Amino acid sequence: MFNTREITETIKMIRDEHLDIRTITMGISLLDCADADADRACQKIYDKVTTYAKNLVATGEEISRRYGIPIINKRISVTPIALVAGASDTEDYLKFALALDKAAKETGVNFIGGYSALVQKGFSKGDELLVNSIPEVLSKTDFVCSSVGVATTKAGINMDAVRRMGETVKETARLTAEQGAMGCAKFVVFANPVEDNPFMAGAFHGVGEGDCVINVGVSGPGVVKCALEQVKGADFGTVSETIKKTAFKITRMGQLVAQEASRMLNVPYGIVDLSLAPTPAVGDSVAYILEEMGLEKCGTHGTTAALALLNDAVKKGGVMASSYVGGLSGAFIPVSEDAGMISSAECGALSLDKLEAMTCVCSVGLDMIAVPEDTSAETISAIIADEMAIGVINQKTTAVRIIPSGKVGDHVEFGGLLGNAPVMPVHPYSSEEFIHRGGRIPAPIHSLKN
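Below or above, wherever it landed, is the structure these notes cover. (Residues numbered from 1 in each chain as written. Predicted model: local features only at pLDDT ≥ 70, side-chain atom pairs only at ≥ 80, totals over all residues. Heavy atoms only, no water.)

### Digging into the overall build of the protein
Line of reasoning, step 1. Of regular secondary structure, the protein possesses 15 helices and 13 strands.
Line of reasoning, step 2. Its C-alpha atoms give the protein a radius of gyration of 21 Å, near enough to 22 Å, the size a compact globule of 450 residues would have.
Line of reasoning, step 3. Accessible area for the protein stands at about 17,500 Å²; split by element, carbon and sulfur atoms hold 51% of it.
Line of reasoning, step 4. Distance from the positive charge centre (41 side chains) to the negative charge centre (54 side chains) of the protein: 5 Å. (Helix = DSSP H or I, 4+ residues; strand = E, 2+ residues; numbered from the N terminus. Rg over C-alpha atoms; globule rule 2.2 N^0.38 Å. Areas by Shrake-Rupley, 256 points an atom, 1.4 Å probe, with all protein chains shown as cover. Lys, Arg positive; Asp, Glu negative; His and termini not counted. Charge placed at Lys NZ, Arg CZ, Asp CG, Glu CD.)

Shown next as structure tokens:
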């Protein structure tokens, strides 16, 4: 139940502090769409997605009108397509992507995720075909998002896959160069990917999930910053308590939306992902939260400690608000989507190395980062390998979404929530020999917990 004061607070958060529901994501299992006949499989996929999600957008808009809560995106995630297409008689996986894209357009959603493969220990034939097709798919579809899991704490890091991911990023950038390498913004490489992530571009519907489920991703960096403005100069215990209480309120709103969407669509409610997802709007920034704690500029010394506090307090507040918290749940630091991060990168306070350090203590990883277009595939693979190692050793989800475009000092424009990314420098020294060793980096000793 909500009292009058809580309702007034929520109205203020929505009106003045950029509070919104970032996404309602419907997860749909496509396992029953597998078919030896590829054309028949694609038709099954289109029919199932458009049937299950036909009212998703209208439902989101109705909830938004009824409660006055902005719901920015309505999205779909599906079973990793490599698992479904692997049963078919074709090597042309583009047709599966086109079926997904057509279904996304028919239902009116913003994105559809799940053009994905999980290859942490090796490639099946379906995995090979899907990975080979990613650059073409991302250049020929509008709404399809792709991800590949190349590492887990239990399996280690598939370095053959990591090498191929660098090549995939480079080829995708080449094929979408006229759009600022936009295809790379729809492609994520994961360590320890989760099965119920509602956020793009990495969402897919895991094999452990039911036939259909509703997952909700909340937002609210601006709300947290405004709350911290009320405790200026207070000690870190007070800062943590303030963030926890604010995260509780944000998550309760997310749970309300998830339950309403579940009821209206007659689909089970899955999880609320309580990640603080920033936008390019001034004031809606994770970097500004860190600066409100006392840092002159995000990226300076102390940034990692501040981010660790933020991430931990967000999780503690969120889990008290809902019994079904999942997805990634923490603080996102996508450079292009965060006005404060953009500013810090432009003035040199925030480097690629510092961002990597920050990913040790927050959600996901190196996200929406532009690097020079002449960066080699091996260097991109090495950046991915470093981030995968952080995830594997720390038993957390990490990811890389990197865009080779332009030269240092340029800005790559994506528009909308994707914002614009300042092109950041990379190290000039080669990692080629390291990447071409191949094989698999073994799982760490702490993976043996049985």
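Let's pick the thread back up.
### A look at the pattern of salt bridges
Line of reasoning, step 1. Per the counting criterion, the structure on display carries 24 salt bridges.
Line of reasoning, step 2. In this structure, Lys 225 and Glu 292 form a salt bridge, with 3.8 Å as the shortest nitrogen-oxygen distance. Of the two residues, Lys 225 is situated in helix H8 (residues 221–229) and Glu 292 in helix H10 (residues 286–292); the sequence distance between them amounts to 67 residues. Glu 292 matches Lys 225 in its accessibility class, with the two residues each being buried. (Salt bridge = Lys/Arg side-chain N within 4 Å of Asp/Glu carboxyl O. Buried < 20%, exposed > 50% of the residue type's maximum accessible area, 1.4 Å probe, protein only.)

### Section: the nonpolar core
Line of reasoning, step 1. Leu 30, Tyr 115, Val 150, Ile 243, Met 293 and Leu 310 are the most contacted members of the largest nonpolar core, which totals 127 residues.
Line of reasoning, step 2. For this core, the leading source of residues is helix H9 (residues 236–265), giving eight residues.
Line of reasoning, step 3. Sequence-distant contacts of Met 293, defined by excluding residues within four places in its chain, comprise Leu 228, Val 239, Ile 243, Ala 306, Leu 309 and Leu 310. (Core = buried A, V, L, I, M, F, W, Y, C linked by side-chain atoms within 4.5 Å. Contact = heavy atoms within 4.5 Å.)

### A look at the pairing of strand S10 (residues 398–404)
Line of reasoning, step 1. Taking burial as the measure, the seven residues of S10 include seven buried ones, the bulk of the element.
Line of reasoning, step 2. Of the two faces of S10, the one lined by Thr 398, Val 400, Ile 402 and Pro 404 and the one lined by Ala 399, Arg 401 and Ile 403 are each fully buried.
Line of reasoning, step 3. Where strand S6 (residues 187–191) and S10 come together, three bridges link them in antiparallel fashion. Bridged to Phe 190 within S10 is Ala 399.
Line of reasoning, step 4. Note: strand S9 (residues 366–371) against S10, five bridges, orientation parallel. Bridging from a neighbouring strand, Ile 369 pairs with Ile 402 of S10.
Line of reasoning, step 5. In this fold, the crossover linking S9 to S10 by way of helix H14 (residues 377–394) has right-handed handedness. (Pairing = 2+ DSSP bridges. Right-handed = clockwise from strand over helix to strand, strands pointing away.)

### Things to note about the packing of aromatic side chains
Line of reasoning, step 1. For the structure shown, the criterion picks out three aromatic pairs.
Line of reasoning, step 2. Summarising the aromatic geometry, the rings of Phe 199 and Phe 332 are spaced 5.0 Å apart at their centres and angled 70° between planes, so their arrangement reads as edge-to-face. Of this pair, Phe 199 sits in the loop between S6 and strand S7 (212–218) while Phe 332 sits in the loop between helix H11 (303–321) and helix H12 (339–347), and the two are 133 residues apart along the sequence. With respect to class, Phe 199 is no different from Phe 332; both count as buried.
Line of reasoning, step 3. Judged by centre distance (6.0 Å) and plane angle (75°), the ring pair of Tyr 269 and Tyr 324 falls under edge-to-face. Of this pair, Tyr 269 sits in strand S8 (residues 269–273) while Tyr 324 sits in the loop between H11 and H12, placing them 55 residues apart in sequence.
Line of reasoning, step 4. Between the NZ or CZ atom of Lys 102 and the centre of the ring of Tyr 46, over which it lies, the distance is 4.8 Å.
Line of reasoning, step 5. In this structure, Arg 164 is placed above the aromatic ring of Phe 123, and the distance from its NZ or CZ to the ring centre is 4.7 Å. (Phe/Tyr/Trp six-rings, centres within 6.5 Å; stacked < 30°, edge-to-face > 60°. Lys NZ or Arg CZ within 6 Å of the ring centre and 35° of its normal.)

### Focus: the side chain of Lys 396
Line of reasoning, step 1. One can find Lys 396 in the loop between H14 and S10.
Line of reasoning, step 2. Looking at Lys 396, its side chain comes within polar contact range of the main-chain oxygen of Thr 359, at 3.0 Å.
Line of reasoning, step 3. In this structure Lys 396 touches Ala 191, Asn 192, Thr 359, Cys 360, Cys 362, Val 364, Ile 390 and Gly 391, once residues within four positions along its chain are discounted. (Polar contact = N/O pair within 3.5 Å; in protein donor to acceptor, adjacent residues only side chain to side chain.)

### Here we look at a nonpolar patch on the surface
Line of reasoning, step 1. Together, Leu 31, Leu 83 and Val 207 give the surface a local cluster of nonpolar side chains, amounting to about 270 Å² of exposed area.
Line of reasoning, step 2. By the secondary structure assignment, Leu 31 is in the loop between strand S1 (21–28) and helix H2 (38–52).
Line of reasoning, step 3. Owing to a relative accessible area of 44%, Leu 31 belongs among the partly exposed residues under this scheme. (Patch = residues over 30% accessible without salt bridge, like charges linked within 9 Å, V, L, I, M, F, W, Y side chains within 5 Å.)

### Observations concerning unusual backbone geometry
Line of reasoning, step 1. Residue Ala 201 is reached from Met 200 by a cis peptide bond, and omega for that bond is 20°.
Line of reasoning, step 2. Relative to the helices and strands, Ala 201 resides in the loop between S6 and S7.
Line of reasoning, step 3. A positive phi angle is found at Ala 181, which is not glycine, with a value near 60°.
Line of reasoning, step 4. Within the secondary structure layout, Ala 181 lies in the loop between helix H7 (159–175) and S6.
Line of reasoning, step 5. Residue Ala 181 is classed as buried on the basis of its relative accessible area of 2%.
Line of reasoning, step 6. Phi at Asn 266 takes a positive value of approximately 55°, unusual for a residue other than glycine.
Line of reasoning, step 7. Looking at the element boundaries, Asn 266 is found in the loop between H9 and S8.
Line of reasoning, step 8. Asn 266 gets classed as exposed once you look at its relative accessible area, which sits at 72%.

### Some thoughts on the environment of Leu 418
Line of reasoning, step 1. Its place among the elements puts Leu 418 in the loop between strand S11 (411–413) and strand S12 (420–422).
Line of reasoning, step 2. For Leu 418 and Gly 220, which are 198 residues apart along the polypeptide, the C-alpha to C-alpha distance reads 16 Å.
Line of reasoning, step 3. Aside from chain neighbours lying at most four places away, what touches Leu 418 is Met 182, Ala 185, Ser 336, Glu 337, Met 368 and Arg 401.

### Brief notes about the environment of Val 131
Line of reasoning, step 1. Within the secondary structure layout, Val 131 lies in helix H6 (residues 125–140).
Line of reasoning, step 2. A relative accessible area of 2% places Val 131 in the buried class.
Line of reasoning, step 3. With 141 residues separating them along the chain, Val 131 and Val 272 place their C-alpha atoms 30 Å apart.
Line of reasoning, step 4. Among residues more than four places away in sequence, those in contact with Val 131 are Phe 123, Val 148, Arg 164, Met 165 and Thr 168.

### Considering the packing of H2 against helix H5 (residues 94–107)
Line of reasoning, step 1. In contact at an axis separation of 9 Å, H2 and H5 are set at 20° when each is read in the N-to-C sense. Relative to H5, the element H2 lies roughly parallel. In this structure, H2 crosses over H5, and the sense of that crossing is right-handed. Residues Ala 38, Asp 39, Ala 41, Cys 42, Ile 45, Tyr 46, Val 49 and Thr 50 of H2 lie in contact with H5, whose contacting residues are Lys 95, Phe 96, Ala 99, Leu 100, Lys 102, Ala 103, Glu 106 and Thr 107.
Line of reasoning, step 2. When grouped by side-chain class, the residues that make up the contact of H2 with H5 number 10 nonpolar, two polar and four charged. (Axes fitted to C-alpha atoms, helices over the stretch in contact; angles between N-to-C directions. Parallel < 35°, antiparallel > 145°, perpendicular 65-115°, else oblique. Left-handed = near helix turned anticlockwise from the far one by under 90°. Nonpolar A, V, L, I, M, F, W, Y, C, P; charged D, E, K, R; others polar.)

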